[in-house]
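Observations on the three-dimensional arrangement
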Amino acid sequence: MTGQEIAQELGITRQAVSKILQKAVTKVYNKLTGDPNERLLTMIRMFDINDEKDIKSLYKLLPKDAKEFVKLDLQKRYYIQ
C-alpha cells in the first residue's frame, strides 16, 4: 500500500503519513542496539523486507545520522565514490 493510498484511507495527507512512518521507524531504530548497519539489517529482518525498493524506502526513513553512517560505511567497504 502506498503512502497516498494510506492517506486516502485515513483521510490525512501523504505528508502526514510520511511523518508518522518516519517517527515510527526512528522509535524502533532507537530501541535497537549496535551500529547503524546492524540496526538497519535487524529492521529489514524484523519487517521481513525482501524487495530492494522496500529496503531503499526503509533507508530513507532512518534518522539522518544513521543514513550518513550507512552511506559512508558502504562507500568505504565497496570503494564507492
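Residues numbered from 1 in each chain as written. Predicted model: local features only at pLDDT ≥ 70, side-chain atom pairs only at ≥ 80, totals over all residues. Heavy atoms only, no water.

1. Here we look at the nonpolar core
The criterion, for reference: In this text, buried Ala, Val, Leu, Ile, Met, Phe, Trp, Tyr and Cys residues form a nonpolar core when linked through side-chain atoms within 4.5 Å. Partly exposed describes any residue whose relative accessible area lies between the buried limit of under 20% and the exposed limit of over 50%, with all areas from a 1.4 Å probe on protein chains only and scaled to the type maximum. In this description a helix means any DSSP run of H or I spanning at least four residues, a strand means any run of E spanning at least two, and both kinds are numbered starting from the N terminus. Residue contacts are defined here by distance: any two heavy atoms, one from each residue, within 4.5 Å place the two residues in contact.
With twelve residues, the main nonpolar core is built from Val25, Tyr29, Leu32, Leu40, Met43, Ile44, Ile49, Leu58, Leu61, Leu62, Ala66 and Val70. The set of elements that each furnish at least two residues to this core consists of helix 2 (14–31), helix 3 (36–46), helix 4 (52–61) and helix 5 (64–78). Broken down by element, the residue count for this core peaks at three residues, all from helix 3. What Val70 contacts, discounting residues up to four positions off in sequence, is Pro36, Asn37, Leu40 and Tyr59.

2. Quick look at the pattern of salt bridges
Opposite charge on two side chains makes pairing possible when the charged atoms of those side chains draw close. What counts, and what does not: Here a salt bridge means any side-chain nitrogen of Lys or Arg lying within 4 Å of a carboxyl oxygen belonging to Asp or Glu.
Inspection of every chain in the model, using the stated rule, returns two salt bridges. A salt bridge links Asp73 to Arg77; the nearest nitrogen and oxygen atoms lie 2.6 Å apart. Taken together, the residues Asp73 and Arg77, both in helix 5 and four residues apart, mark about one turn of the helix. Using a relative accessible area of 52% as the deciding quantity, one classes Arg77 as exposed.

3. Some words on the side chain of Asn37
Operational definition: Pairing of N or O atoms within 3.5 Å defines a polar contact, subject to two protein rules: one partner must be a possible hydrogen donor and the other a possible acceptor, and residues neighboring in sequence count only if both atoms are side-chain atoms.
When you line up the elements, Asn37 lands in helix 3. Judged by relative accessible area, Asn37 falls into the buried class, the value being 12%. Side chain to side chain, Asn37 and Asp73 meet in a polar contact 2.4 Å long. Other than its neighbours up to four places away in sequence, Asn37 contacts Phe69, Val70, Asp73 and Arg77.

4. Remarks on the environment of Lys64
Relative to the helices and strands, Lys64 resides in helix 5. Along the primary structure Lys64 and Thr26 are separated by 38 residues, whereas in three dimensions their C-alpha atoms are 10.0 Å apart.

5. Regarding the packing of helix 2 against helix 3
Our working definition: Note on geometry: axes are C-alpha line fits, over the in-contact stretch for helices, and angles between N-to-C directions span 0 to 180 degrees. By definition, turning the near helix anticlockwise from the far helix through less than a right angle yields a left-handed crossing, and turning it clockwise yields a right-handed one. In the scheme used here, Gly and all other residues not listed as nonpolar or charged are polar, with Ala, Val, Leu, Ile, Met, Phe, Trp, Tyr, Cys and Pro taken as nonpolar and Asp, Glu, Lys and Arg as charged.
Interaxial distance between helix 2 and helix 3 falls to 10 Å at its minimum, and their mutual angle equals 115 degrees. Between helix 2 and helix 3 lies a crossing of right-handed hand. Contact residues: helix 2 offers Val25, Val28, Tyr29 and Asn30, while helix 3 offers Pro36, Arg39, Met43 and Met46. Residue composition of the contact of helix 2 with helix 3, by class: six nonpolar, one polar and one charged.

6. Thoughts on the confidence of the model for the protein
How we decide: The pLDDT value tells you how sure the predictor is about a given residue, anywhere from 0 up to 100.
Looking at the protein, pLDDT values average 92 and 98% of them are 70 or higher. The element-level mean pLDDT for the protein is lowest in helix 5, coming to 89, with helix 2 highest at 96.

7. Points about a positive patch on the surface
Let me state the cut-off plainly: Grouping into patches uses exposed residues only, defined as over 30% relative accessible area, and leaves out salt-bridged ones; the cut-off is 9 Å for like charges and 5 Å for nonpolar side chains (Val, Leu, Ile, Met, Phe, Trp, Tyr). In this description, accessible areas are obtained by the Shrake-Rupley approach with a 1.4 Å probe, and a residue is regarded as covered only by the protein chains that are shown. In this count, Lys and Arg are taken as positive residues and Asp and Glu as negative ones, while His and the chain termini are left out. Where a charge lies is defined by one atom per residue type: Lys uses NZ, Arg uses CZ, Asp uses CG and Glu uses CD.
Together, Lys19, Lys23, Lys27 and Lys31 give the surface a local cluster of positive charge. Within the fold, Lys31 resides in helix 2.

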